[in-house]
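# Structure at a glance
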Amino acid sequence: MNKKELSAFLVKIPKAEIHLHIEAVITLKSVKKLYQQAFGKKMPAEEQKALFAYEDLNGFIASFIQIQNYFQSVDDFNLVFDDLAEYLCTNNIVYTEAFFAPSAFIKKGFDYGEMVTLFSKRIADIKQKHNITVKLIADVSRTFGCDNAMNNYLLFTAHPNKDVIGIGLGGAEQKGPAKEFGPVFDRAVQDGYHVVAHAGEDVGPESIWDAIKILHSERIGHGLTAEQDKELIAYLKKTQLPIEVCVTSNVFTKKYVQRTEDHPVRTMYDDGVFITINTDDPVFFKTTLLDEFWLLYKKLGFTLEEIKQLIKNGFTASFLSKKKKADYCAAVDAAWQEAERSA
């Protein structure tokens, strides 16, 4: 199959994406609108180019924060959810657990309660119009330290919301080692929330171990460096702790992987690690979930049957009930059979 044929086939299959940042689904068109509203003028072409000219993880995070700074009010998140709905529909993603990072907005004076109220309204709109379920994970952020993360968590618990199901730890690992955020995650686990963490993205396998042992992480975001530690791979295989793999993102930031063909996802999958496929930040890295599956097929030797399993893994690794996971996986099988018949 060529890319067009594979995408035409896979777009018929319902999917889940569980490592996705909602602010990074915002389109350039929406970024330009935010810029116009913030500065009263059109965004210069050179500034557009500079915004997406990062060459490493820290540069990407700086651009991510820069776009957050363009927001002037809670209502600006309507642009985010418009673009999120379009992205999910285009890729036939019927379920997502997406991150949102409140730190930059809280520092700008946004009211957290107003934010999550708007989020829930827009999530309900997406469900009604498209029958897509969106759940959110609050990224307490390693970028600004443990005290800030705890403050974010306390806001999170002060405004309980059925659509916000847990907390995550994102940002540059070198600036905020996972082991420093144990108190926040201990509290979240005690309070009955789900917890996940980015780890092994730009730091070695020790970061993944810390996310597991100190943060109690139920999934690992990226997990790129797990292959450097045979004991860790054995642990991941035994426990089937899900890894949220983001191939294009890892290649783009060029910390450990320079080419798609060199990404360890193939080896990790063959070693029995529980793998899910995600985009991370589709607009920033110029990718989609359909594109990610094409890369697996074309450059990493994944078969169609393996891709089907990876799609089902996305649902299985989610925080859905066992019944809903089974229902979604059955829907994948049914859609796959129908797509094969019509191919």
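Attention in this report is confined to the structure presented alongside it. All values reported here derive from a predicted model rather than from experimental measurement.

About the cut-offs
- Residues numbered from 1 in each chain as written.
- Predicted model: local features only at pLDDT ≥ 70, side-chain atom pairs only at ≥ 80, totals over all residues.
- Heavy atoms only, no water.
- Helix = DSSP H or I, 4+ residues; strand = E, 2+ residues; numbered from the N terminus.
- Rg over C-alpha atoms; globule rule 2.2 N^0.38 Å.
- Contact = heavy atoms within 4.5 Å.
- Areas by Shrake-Rupley, 256 points an atom, 1.4 Å probe, with all protein chains shown as cover.
- Lys, Arg positive; Asp, Glu negative; His and termini not counted.
- Charge placed at Lys NZ, Arg CZ, Asp CG, Glu CD.
- Phe/Tyr/Trp six-rings, centres within 6.5 Å; stacked < 30°, edge-to-face > 60°.
- Buried < 20%, exposed > 50% of the residue type's maximum accessible area, 1.4 Å probe, protein only.
- Lys NZ or Arg CZ within 6 Å of the ring centre and 35° of its normal.
- Axes fitted to C-alpha atoms, helices over the stretch in contact; angles between N-to-C directions.
- Left-handed = near helix turned anticlockwise from the far one by under 90°.
- Nonpolar A, V, L, I, M, F, W, Y, C, P; charged D, E, K, R; others polar.
- Pairing = 2+ DSSP bridges.
- Right-handed = clockwise from strand over helix to strand, strands pointing away.
- 1 Å grid on protein atoms, 1.4 Å probe; cavity = no way out; pocket = protein on both sides within 12 Å on 5 of 7 lines; lining within 4 Å.
- Points joined across faces, edges and corners; volume = space filled by probe spheres on them.
- Polar contact = N/O pair within 3.5 Å; in protein donor to acceptor, adjacent residues only side chain to side chain.

Broken down by element type, the protein chain carries 16 helices and eight strands. Whereas a compact globule of 343 residues would reach a radius of gyration of roughly 20 Å, the protein chain reaches 19 Å, a difference of no more than 12%. Over its C-alpha atoms, taken along the principal directions, the protein chain stretches across nearly 50 × 40 × 40 Å. Contacts in the protein chain between residues far apart in sequence, at least 24 positions, make up 75% of those at least 6 positions apart. Of the roughly 14200 Å² of accessible surface on the protein chain, 52% is carried by carbon and sulfur atoms. Taking the 41 positively charged and 46 negatively charged side chains of the protein chain as two groups, their mean positions are separated by 4 Å.

Time to look at the packing of aromatic side chains. Evaluated as defined, the whole model comprises 22 aromatic pairs. Ring plane angle 80° and centroid distance 5.2 Å describe the contact between Phe 100 and Phe 119, whose orientation is recorded as edge-to-face. Taken together, the positions of Phe 100 in strand β2 (residues 93-100) and Phe 119 in helix α7 (residues 112-130) put the pair 19 residues apart, joining distant regions of the chain. Of the two residues examined, Phe 100 and Phe 119, each falls in the buried class. Ring pairs connect the aromatic residues Phe 71, Phe 77, Phe 81, Phe 100, Phe 105, Phe 110, Tyr 112 and Phe 119, which therefore count as one cluster. Of note, Lys 213 hangs over the ring of Trp 209, and the distance from its end group to the ring centre comes to 4.6 Å. Against the face of Phe 302 rests Arg 266, its NZ or CZ located 4.1 Å from the ring centre.

What follows concerns the packing of helix α14 (residues 289-299) against helix α15 (residues 304-316). Viewed as axis vectors pointing N to C, α14 and α15 meet at an angle of 145°, and their least axial separation amounts to 10 Å. The element α14 and its partner α15 pack so that their crossing is right-handed. Contacts between α14 and α15 involve Phe 293, Leu 296 and Tyr 297 from the former and Leu 304, Ile 307, Leu 310 and Ile 311 from the latter. Residue composition of the contact of α14 with α15, grouped by class: seven nonpolar, no polar and no charged.

Attention now goes to the sheet that holds strand β1 (residues 15-17). Pairing within the open sheet is parallel, and its eight strands lie in the order β1-β2-β3-β4-β5-β6-β7-β8. The open sheet is flanked by β1 and β8 (275-277), the only strands paired with a single partner. Across this sheet, the average inter-strand angle for adjacent strands is 25°, counted without regard to direction. Here strand β7 (residues 243-245) pairs with β8 via three bridges, running parallel. Across the sheet, Ile 243 pairs through a bridge with Ile 275, a residue of β8.

What follows concerns unusual backbone geometry. Leave glycine aside and you will find that most residues have negative phi; peptide bonds, for their part, are mostly trans. In this structure, Gln 240 takes a positive phi of about 60° despite not being glycine. A positive phi is found at Lys 286, a non-glycine position, where the angle reads about 55°. Here Lys 286 is to be found in the loop between β8 and α14.

Moving on, we come to the pairing of strand β5 (residues 194-199). Within a regular strand, the side chains alternate between the two sheet faces. Within β5, five of the six residues are buried, which leaves the element mostly enclosed by the surrounding structure. Pairing geometry for strand β4 (residues 164-169) and β5, over four bridges, is parallel. For Leu 169, the partnering residue across the bridge sits in β5 and is Ala 197. For the handedness criterion, the β-α-β arrangement of β4, helix α9 (residues 182-190) and β5 is classed as right-handed. In this sheet, strand β6 (residues 220-222) lies alongside β5 in parallel orientation, the contact comprising three bridges.

For the largest pocket, the calculated volume is near 210 Å³. If you trace the largest pocket, you find 15 residues lining it, with Thr 133, Val 134, Lys 135, Asp 163 and Lys 324 closest to the centre. Its residues assigned to classes, the lining of the largest pocket comprises eight nonpolar, two polar and five charged.

What follows deals with the side chain of Ser 217. In this fold, Ser 217 is placed in the loop between α10 (205-213) and β6. Look at Ser 217 and you get buried, because its relative accessible area is 5%. Looking at Ser 217, its side chain comes within polar contact range of the main-chain nitrogen of Ala 197, at 3.1 Å. Those residues in contact with Ser 217 that lie beyond four places of it in its chain are Val 195, Val 196, Ala 197, Ala 211, Ile 212 and Leu 241.

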